[in-house]
Amino acid sequence: MFLFITAIGILAATAALCALLAVRPPSKATGRAANAAGVIGAFAGCFVGLCALASGPWAGQESLRLPLALPVGSCALGMDALSRLFLLPVFGLGFVCAASGGIALRHEEPERHNLAAHWFFFHMLLIGLALVMTARDAVLFMLAWEIMSLAPFFLIDFNDGDSKVRDASWVYLVAAHLGAVALMAFFTLLWQVTGDTSLDALQGGAVLARVLEQAQAYSGPGLLTALFVLALVGFGAKAGLAPLHVWLPEAHPAAPSHVSALLSGAMINAGFYGIIRSVGMLAPAGAAPEWWGWALLLLGLATGLMGILKATAQSNLKRLLAYSSVENMGLTVMGLGAGLIGQSCGNAWIAVLGFSGALLHMLNHSAFKGLLFLCAGEVLHATGTVRMQHLGGLQKRLPLLGAAFAIGAAAIACLPPFNGFAGELVLGLSLLDGPALFGVERQVGLLLALAGLACISGLAAALYAKAYGIAFLGEPRSGFAASVHPLSWRTLWPLALPAAVCLAGGLAAPCFFDLAAGAAQSALPLPPAFQQAGLAGLAQAHTSLAAVAKIGGAGLGLALFILFVRRCLLKKRAVESMPTWGCGFQGGSARIQYTDAAFSEPTAKIFAPVMGLKTHLQLDEGLFPKGGQLSVTAPDRLRSGLFTPLFTAVENLCNACKVIQHGKIHLYILYILATLVALLVWGLHS
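Just so we're clear, the structure is a prediction, and the values are computed from it rather than from any experiment.

Asks: Would you mind going over the overall build of the protein with me for this structure?
Replies: When helices and strands are tallied, the protein shows 25 helices and 4 strands. Relative to the 2.2 N^0.38 estimate, which gives 26 Å for 686 residues, the radius of gyration of the protein is 26 Å and therefore close to what a compact globule would have. Viewed in the frame of its principal axes, the protein has a C-alpha envelope of about 95 × 70 × 55 Å. Per-residue burial for the protein yields a buried fraction of 51% across its 686 residues. For the protein, restricting intrachain contacts to residue pairs at least 6 apart in sequence, the fraction spanning at least 24 positions comes to 80%. As presented, the protein carries roughly 29,700 Å² of accessible surface, and 69% of it is formed by carbon and sulfur atoms. For the protein, the distance from the average site of its 38 positive side-chain charges to the average site of its 30 negative ones is 9 Å.

See the structure below:
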């Protein structure tokens, strides 16, 4: 834990330095100093943090209690296999996003943006995330959760001159605090039942044992259900589970891309981490009610389908990636639900592969989604837009960026030999054993979930064929893409790190799977009777992943060899370049290419009644129309029909309450006296 505390100290010291720079008058020198300090501090802190994860045994338990007195609870920290797994994206992406952000912000005008304040909140986000994953006391956990939740508000609001950015940051803040309210109720109720704020003491189902001991005072099953629902709402809001996902598609397009990458690749994982810890506290191994598993499975499936269908209709590249994050968090929750079903039904195969597949997919998602958001940021810097109808032809003009985006797209589309295929393969294997369960309804339920997983994977492949094809292939659709600014490797080198992880996660999938399986066994262990069967299932999955990795590696090597031979054969020959849509007809233009709306239109026809996808085709009148326009939109019904009226009502209520705040001291004294009288009357009657 010494190295971990050192990493936190480096990040905190850098945050303090940035805070001092933030209060100084804006100048170019101050901006450059803040940018350099922010990047170097994040580099050092994240590097030491990664060393801390590798310093001890992966499955080992480390704990530390700092002598910092808290009114309630204690400042207890701990690190186990689950904490280490979730800290990998925090420190890894923190390193990469700091590098990319430092390059992107080096020319920002100090009068427009306070870079010192930006880097202060960036480091506070890293500190909050690291403490959330290691806090072993409920009070410390909530303090870290608040730090982690508040810092993104200021990071998202970086371009606060845009009203849409301000609205997005406020939507995020409201959603974050709605989740925090549920978590405060969860931990308060937990404390009332158990009389303890130590999270270590509550692991292994201690909550269930204490509830059963107090069965005369509390309704055990009802109380456990309330705790489970509160945890699911509080942590699910951070993870972006439907219907609490509304902040993601607003915040990610508004935030700087290095912030979006960290939020999507690391912060939303905190919600999934909290759900896993909560399940481990509320019920011992195999004792969780079966309906918890089905609830998580159905919620994950609904979230995944909603996310991928909404993403299909997006024309903004960053909004597309945001909805894709919703989809992928749905897949992780599906795996967790399948694991709980396997535990409850005594099926070790489903249990261990469900838990391990969920954690492996979480790890993989952090890599390829971080890469894709950083690529989207570079597209924005080079062209000035991420609207796909204005892009096209970027692969010729930005070959390195196009290659990085292609790697991320292939990984998230589950194409071997990249890491996304390995994660979803394990999830599919866990659901494939559904027919072994007792009861037709269970068998049909898991097989339908497997069909849903296959549907989501197929739609993801189509989605990223659209994203890469429309943005990078063909000819430029506008002057934005035609006059693109060239990007050198000095600008793009941070993208090489997550791209390498996407490839390594597929070629070394068995190693990553073992890390995820170890974390799953430590957090959600199987009952002793099923341990041996669980180990056998893990061994079989390890063997399958090793075979897939070998075949994928061989295929990749063959493809590289063919490209090498082709290059050698063409080296001494003249190679001419022709327009993409030449085909012997020289009168063509970029207008004959597929647009993002045309790509999405078949999906919109199939799923329009379910997801509210709308198509609009407009053609010139006459037999030979000169122009036409097709648009596909996917308005978020949950936001427009539920959350927008709710947020508006709360805002109106707060504005109405302002009448009691008018700055008159004598009236404030009257409020205090009235409150005291009311309390005295209540005390006398009680």
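Asks: Where do I start with the packing of helix α5 (residues 138–156) against helix α11 (residues 257–282) in this structure?
Replies: The description of two helices packed together rests on the angle between their axes and the distance between the axes. The interhelical angle for the contact between α5 and α11, taken along N-to-C directions, is 155 degrees, at an axis separation of 12 Å. In terms of axis orientation, α5 runs roughly antiparallel to α11. Here α5 runs over α11; the crossing is left-handed. Contacts from F141, W145, M148, P152, L155 and I156 of α5 reach α11 at V259, L263, M267, A270, G271 and Y273.

Asks: In this structure, what is going on with the packing of helix α3 (residues 81–105) against helix α14 (residues 348–383)? I would like to understand it.
Replies: Between α3 and α14, the shortest axis-to-axis distance is 10 Å and the interhelical angle comes to 10 degrees. Here α3 lies roughly parallel to α14, going by the angle between them. Between α3 and α14, the residues in contact are L82, L85, F86, L88, P89, L93, V96, S100 and A104 and L359, M362, L363, S366, G370, L374, E378 and H381, respectively. Grouping the constituent residues of the contact of α3 with α14 by class yields 12 nonpolar, 4 polar and 1 charged.

Asks: Is there a simple way to explain the pattern of salt bridges in this structure?
Replies: Where side chains of opposite charge bring their charged atoms close, a pairing between them can arise. Taken as a whole and assessed by the stated rule, the structure comprises 8 salt bridges. A salt bridge links K396 to E475; the shortest N-O distance between them is 3.2 Å. Here K396, found in helix α15 (residues 394–397), pairs with E475, found in the loop between α18 (440–472) and α19 (479–482); they are 79 residues apart in sequence, far enough to count as distant. Look at the salt bridges and you will find they share partners, linking D80, R136 and R277 into a network.

The rules behind each value
Residues numbered from 1 in each chain as written. Predicted model: local features only at pLDDT ≥ 70, side-chain atom pairs only at ≥ 80, totals over all residues. Heavy atoms only, no water. Helix = DSSP H or I, 4+ residues; strand = E, 2+ residues; numbered from the N terminus. Rg over C-alpha atoms; globule rule 2.2 N^0.38 Å. Buried < 20%, exposed > 50% of the residue type's maximum accessible area, 1.4 Å probe, protein only. Contact = heavy atoms within 4.5 Å. Areas by Shrake-Rupley, 256 points an atom, 1.4 Å probe, with all protein chains shown as cover. Lys, Arg positive; Asp, Glu negative; His and termini not counted. Charge placed at Lys NZ, Arg CZ, Asp CG, Glu CD. Axes fitted to C-alpha atoms, helices over the stretch in contact; angles between N-to-C directions. Parallel < 35°, antiparallel > 145°, perpendicular 65-115°, else oblique. Left-handed = near helix turned anticlockwise from the far one by under 90°. Nonpolar A, V, L, I, M, F, W, Y, C, P; charged D, E, K, R; others polar. Salt bridge = Lys/Arg side-chain N within 4 Å of Asp/Glu carboxyl O.

None of this, on its own, says anything about what the molecule does.
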